[in-house]
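Coordinate analysis (summary)
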Amino acid sequence: MTERLSTSSLARATGAAADDRLPPARFAYGRHTWKEIAHLLANFPAALLGFVYAVTMLSVGMGLTVTVIGLPLLAAGLLGARQLGKLERARARALLGVRVDEPSPLPWRGRRGFFAQLWMSLKDPVGWRTVLYDVIRFPWGVLTFVTTLTSLFVLWPVLPFIARALTNVDRAMVRGLLSPSDELERRIAELESDRGVVVDTAAADLRRIERDLHDGAQARLVNLAMGLGLAKEKLLEDPDAAAAMVDEAHGEVKLALQELRDLARGIHPAVLTDRGLDAALSSVASRCTVPVEVTVDLTERPAAAIEGIAYFTVSELLQNISKHSGARSASVEVWRSSDRLLIQVGDDGRGGARLDGGTGMKGLADRLSAVDGLFVVDSPEGGPTTITAELPWRDRTRADTAGSAPGR
């Protein structure tokens, strides 16, 4: 009994001690609030550094523009401003949680020569926006520093709300002046991708032409030379055999010429150069295994490059119709709408055409994308299939007309 009482007394004493224990000490503000306060307190030294740099760079660079070193100093200052912008974006990411992409670097490789690189640096929009950011940030940095420091001692109960309001302005300034232009960056990425597509396509075309020449016309011309050599040797000994060899060589010449014509037609058909898209597409349609109705509504011819892409696009699509569609009829329509050349090829076949279907559609889409064009496939299972291609319209220049004249 005594043991039970002592145990019970010990338990009550332990419970009383636990009730008297204080909770652990902790900060009054959350982690995000302290980050925002740290950002606001760091605004003054950061803004002072940026303001001094911007004013010094502008005054020295523009003041010396009358000399040889003025513009290079200004260009170098703008490059330095890019680095200050990079530091500010890193500070905003770490303390404010603002996710701002880094702008694309200046394309030095595409600019040859000192003056071309100097002009590119002087008109850099990222550098100028950073300079503007550094100039207007100085009074704001002083205001936020004084307000936050005072609120830490006087208005600390409402400091989280004050810090959130002030840092929201900071977030807006960073996004507005230090973030890259979304449209510009997207366009740069597209152009870089399209440039790679153009290079790959050109390399593939060169390899195809080289292979066709090596396996076709070149091999026939080698056989022709050997046959003529043997005929020359037999000309006196056996004229009949020599005549037969000459006849055989004549046939080889005809075949070689036909292969060269086909190869030239694959590079750029003569009918397209001489008579334009209407006649060229009609010629392509006549070789299709399906009856094709061709309608070309153009009052003038586009640039030679656009005309060639349109021709080969339709030619490839008609070949796909012949091989894969099972259609009974097809149609080709070409017209101009404002500053775009529109092409629509349709058939009443089985449908199911896709960009990844292995029929060359993906290559056509890449080629059109490389010149800022569009390629849309509408081909449900069971048909019909309608493929729309869109190309930018460029007027035919005098150089195009001179280059397409017959007998050049």
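Refer to the preceding data block for the structure.
Described below are features of the structure shown in this document. (Residues numbered from 1 in each chain as written. Predicted model: local features only at pLDDT ≥ 70, side-chain atom pairs only at ≥ 80, totals over all residues. Heavy atoms only, no water.)

1. Topic: the pattern of salt bridges
Within this structure, the stated rule accounts for eleven salt bridges. Between Arg 301 and Glu 307 there is a salt bridge; the shortest N-O distance is 2.8 Å. By relative accessible area, Arg 301 is classed as partly exposed at 25%. Through salt bridges with shared partners, one network takes in Glu 88, Arg 91, Arg 137 and Asp 170. (Salt bridge = Lys/Arg side-chain N within 4 Å of Asp/Glu carboxyl O. Buried < 20%, exposed > 50% of the residue type's maximum accessible area, 1.4 Å probe, protein only.)

2. Let's talk about the packing of helix 3 (residues 70–96) against helix 6 (residues 159–178)
Here helix 3 crosses helix 6 at 140 degrees, and the two axes come no closer than 11 Å. When the axes of helix 3 and helix 6 are compared, the pair comes out oblique. Relative to helix 6, the crossing made by helix 3 is left-handed. Note on element contacts: helix 6 touches helix 3 through Thr 167, Asp 170, Arg 171, Val 174 and Leu 178, opposite Gly 85, Glu 88, Arg 89, Ala 92 and Leu 96. (Axes fitted to C-alpha atoms, helices over the stretch in contact; angles between N-to-C directions. Helix = DSSP H or I, 4+ residues; strand = E, 2+ residues; numbered from the N terminus. Parallel < 35°, antiparallel > 145°, perpendicular 65-115°, else oblique. Left-handed = near helix turned anticlockwise from the far one by under 90°. Contact = heavy atoms within 4.5 Å.)

3. Some details on unusual backbone geometry
Even without being glycine, Ser 338 reaches a positive phi, approximately 60 degrees. Structurally, the position occupied by Ser 338 is in the loop between strand 2 (330–337) and strand 3 (340–347).

4. Some points on the side chain of Arg 171
Within the fold, Arg 171 resides in helix 6. For Arg 171, a relative accessible area of 12% translates into the label buried. Only 3.2 Å separates the side chain of Arg 171 from the backbone oxygen of Leu 96, close enough to count as a polar contact. Among the polar contacts made by the side chain of Arg 171, one reaches the side chain of Asn 168 at a distance of 3.0 Å. Once you skip the residues sitting within four places of it in the chain, Arg 171 turns out to touch Glu 36, Leu 96, Val 98 and Arg 164. (Polar contact = N/O pair within 3.5 Å; in protein donor to acceptor, adjacent residues only side chain to side chain.)

5. Looking at the packing of aromatic side chains
Remark: the centre distance and the inter-plane angle together describe each pair of aromatic rings, the angle taken between the planes. This structure, assessed with the given rule, holds three aromatic pairs. Aromatic side chains Tyr 311 and Phe 312 sit 5.1 Å apart centroid to centroid with 80 degrees between the ring planes, which places their arrangement in the edge-to-face category. Residue classification places Tyr 311 among the buried residues on the basis of a relative accessible area of 3%. (Phe/Tyr/Trp six-rings, centres within 6.5 Å; stacked < 30°, edge-to-face > 60°.)

6. Some remarks on the sheet that holds strand 2
The five strands are arranged 1-2-3-5-4 in an open sheet whose pairing can be described as mixed. The open sheet has two edge strands, strand 1 (292–297) and strand 4 (374–378), and neither has a second partner. Each adjacent strand pair in this sheet contributes to an overall mean axis angle of 10 degrees, direction not counted. Across six bridges, strand 1 lies against strand 2 in parallel orientation. Counted as the bridge partner of Asp 297 is Trp 335 from strand 2. The sheet contacts of helix 10 (residues 277–286) involve strand 1 and strand 2, and relative to strand 1 the element is tilted by about 170 degrees. Those strands touched by helix 11 (residues 304–325) are strand 1, strand 2, strand 3, strand 4 and strand 5 (385–392), and its axis lies near 10 degrees from that of strand 3. (Pairing = 2+ DSSP bridges.)

7. Things to note about the packing of helix 2 (residues 31–63) against helix 5 (residues 125–153)
It is at 6 Å that the axes of helix 2 and helix 5 come closest, and there the two elements cross at 145 degrees. Along this stretch, helix 2 crosses helix 5, giving a crossing that reads as left-handed. For the contact of helix 2 with helix 5, a count of residues per class yields 20 nonpolar, five polar and two charged. (Nonpolar A, V, L, I, M, F, W, Y, C, P; charged D, E, K, R; others polar.)

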